[in-house]
Amino acid sequence: MDLPVIAPPAPQASGCSAGSCGSTSDQMAGMADALRARVQDHPCYSEDAHHYFARMHVAVAPACNIQCHYCNRKYDCANESRPGVVSEVLTPDQAVKKTLAVAATIPQMTVLGIAGPGDPLANPERTFETFRQLSAKAPDIKLCVSTNGLSLPEHVEELARHNIDHVTITINCVDPDVGAKIYPWIFWNNKRIHGRDAAAILIGQQQKGLEMLVARGILVKVNSVLIPGVNDEHLKEVSRIVKAKGAFLHNVMPLIAEPEHGTFYGVMGQRSPSPAELKALQDACEGDMNMMRHCRQCRADAVGLLGEDRGDEFTMDKIEAMEIDYEAAMLVRAAFREKVSAELQAKRARAHAPLSPALPVAPQIIRFIPRADEQKPLGRPVLMAVAAKNGMVAIHFGHAREFLVYEASAGGARLVGHRKADAYCSGDETCGDGEFTLDRTIKVLAGCEVVLCSRIGYEPWGKLEAAGIQPNGEHAMQPIEEAAMAVWHEMLAAGKLDAKASAAKCA
Amino acid sequence: MALEIIESCVNCWACLPLCPSRAIHEARPPQFPHFLIDADKCTECVGDFADPQCVAICPIEGAIVDELGVAMNPPGSLTGIPPERWAAAQAEIAAR
């Protein structure tokens, strides 16, 4: 596609110094040490870290300066996990109290983000007041912000002043004609502006903001919502351009749209992409860009590890009753980070043991799985669903609320996505719905040929097998990558991985 | 002349800092469940801006009305969802 609107400048940095080489499967591999240190305990910027570290969002920013067709401003639902939804909006003072309470209770919590429910930079006083207090009171918490970008250029200086090291910009397009199908209006220079003109202004501001952040050395993640038929092909162009401008990571997320959400897309019947469509697009962008595959599209008031939400434990009335000794908590937190960092380093050392450590300068180029190319692959890639915790195969199949999806191939195992499920077995009489939930889970796992879990019951075993998904409980408490590769090699040895795809088509 | 914010307001704060007359009060439940405009102070931004600022940023159709009770942002004008389509979707959800 030809896009005369915004021509990407030639990237100034070459090789790995821009920080976006390497791959999602091994994001850390080719990264400079300094950069690695900046993301290694940020669950949203490092796939490794997300197994161990938690984040929280405080909902201090209710106002927004644009409308997106996937958003409904009547945000007020405790049962929904999706961006823009919150249960209670906090004042900056409340947000600081909540953050300290969570950080003291959950030492894994390393990152505080402000992500809405509106746009943080459309609420600059509330957002920056929260940051100002936290950087004084909790210097061990990383601060980050997620924005639509419209007001970003005017706030870059202040972001840098508050030591905000990570900024996420949602960029769904670089072409105003595409943008006009995503954004009905923006508020700009004291006017509401509609249609293509609005999209053009928004796109210009986003790109300018991205450039300004990169120029200041702030890490930028770009989020894009994949909207089938609207920006799907276009996102490849977006990925190429934001990479060229120095974005660190690109996170393509599937559109969430149901009529009951009351959004334009939900009501008008715009469909969401399938997991296979999402993966295909992420794969297509990956040649150009470091792709994020572990995003869980959390709420603007989420608390906990990605994929879990402990927000209910930290409602304002509960927080008011807590006594927090943050000085003491910081010691516990530091000890925890040290322990995990040692574990991670050991894990990385094991993963890279066969490679020569004597070439620290050369970026490690990770080859992607050759797809149907001339040189015969040793065995086709296989998608495996994993009931995981802390990077291990560690959850009982029936208790899993989500499955990580890994693609195992001759080149190794890499995370390519996740699938949400309902735990169908809670171990008591509420299991009545078990059967129905199990069927749903099996449907959700479509495309996967193996499911790795710590244990699994007799009945689901049979049903999974019948659906062409091989359950495997033999690798409990092993690191995911090792377990997945062991199973892949078993399949290879058993002759199950001939180049031509099997009945279960890889998503 | 003055505008009025009615109960469909979602308390998103967007309007409050924009008002040149400082006529908007934040919600203080239970007495004031949503943001309110002080009719004595509201000038509808005449002399300050071409458009009333609260109306220009409010994301909720129908939440701000004029003195005759007419919606400043009528149904469909902000979301782009045709009102009949909205009604059909609601009916379909209710029938589930």
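Note that the structure is predicted; figures quoted are calculated from it, not measured.

(A) Region of interest: the sheet that holds strand 7 (residues 191–194) of chain A. All names here are of chain A. Ordered in space as 2-6-7, the 3 strands form an open sheet in which the pairing is antiparallel. Looking along the sheet, the strands with just one partner apiece sit at the ends: strand 2 (66–67) and strand 7. Pairing of strand 2 with strand 6 (residues 185–188) involves 2 bridges; the strand directions are antiparallel. Within the sheet, the bridge partner assigned to Q67 lies in strand 6 and is W185. Helix-sheet contacts for helix 7 (residues 195–215) involve strand 2, strand 6 and strand 7, and the interaxial angle to strand 7 is about 105°.

(B) The side chain of K221 of chain A, seen in detail. Residues and elements named next belong to chain A. Among the structural elements, K221 can be located in strand 8 (residues 219–226). For the buried K221, no salt bridge exists, and the shortest N-O distance to an oppositely charged side chain is 13 Å, to D119. Separated by 3.4 Å, the side chains of K221 and T168 make a polar contact. Contacts of K221, omitting those with residues within four sequence positions, involve C44, Y45, V167, T168, I169, L249, N251 and M292.

(C) Quick peek at the sheet that holds strand 5 (residues 166–170) of chain A. All names here are of chain A. Overall, mixed pairing links the 7 strands, which are arranged 9-8-5-4-3-1-10 in an open sheet. Each having just a single partner strand, strand 9 (249–254) and strand 10 (303–305) make up the two edges of the open sheet. Neighbour to neighbour, the strand axes of the sheet diverge by 25° on average, direction disregarded. Relative to strand 10, strand 1 (residues 54–57) runs antiparallel, the two being bridged by 3 bridges. By the bridge assignment, R55 is partnered in strand 10 with G304.

Basis of the calculations
Residues numbered from 1 in each chain as written. Chains lettered and ligands numbered in written order. Predicted model: local features only at pLDDT ≥ 70, side-chain atom pairs only at ≥ 80, totals over all residues. Heavy atoms only, no water. Pairing = 2+ DSSP bridges. Helix = DSSP H or I, 4+ residues; strand = E, 2+ residues; numbered from the N terminus. Contact = heavy atoms within 4.5 Å. Axes fitted to C-alpha atoms, helices over the stretch in contact; angles between N-to-C directions. Buried < 20%, exposed > 50% of the residue type's maximum accessible area, 1.4 Å probe, protein only. Lys, Arg positive; Asp, Glu negative; His and termini not counted. Salt bridge = Lys/Arg side-chain N within 4 Å of Asp/Glu carboxyl O. Polar contact = N/O pair within 3.5 Å; in protein donor to acceptor, adjacent residues only side chain to side chain.

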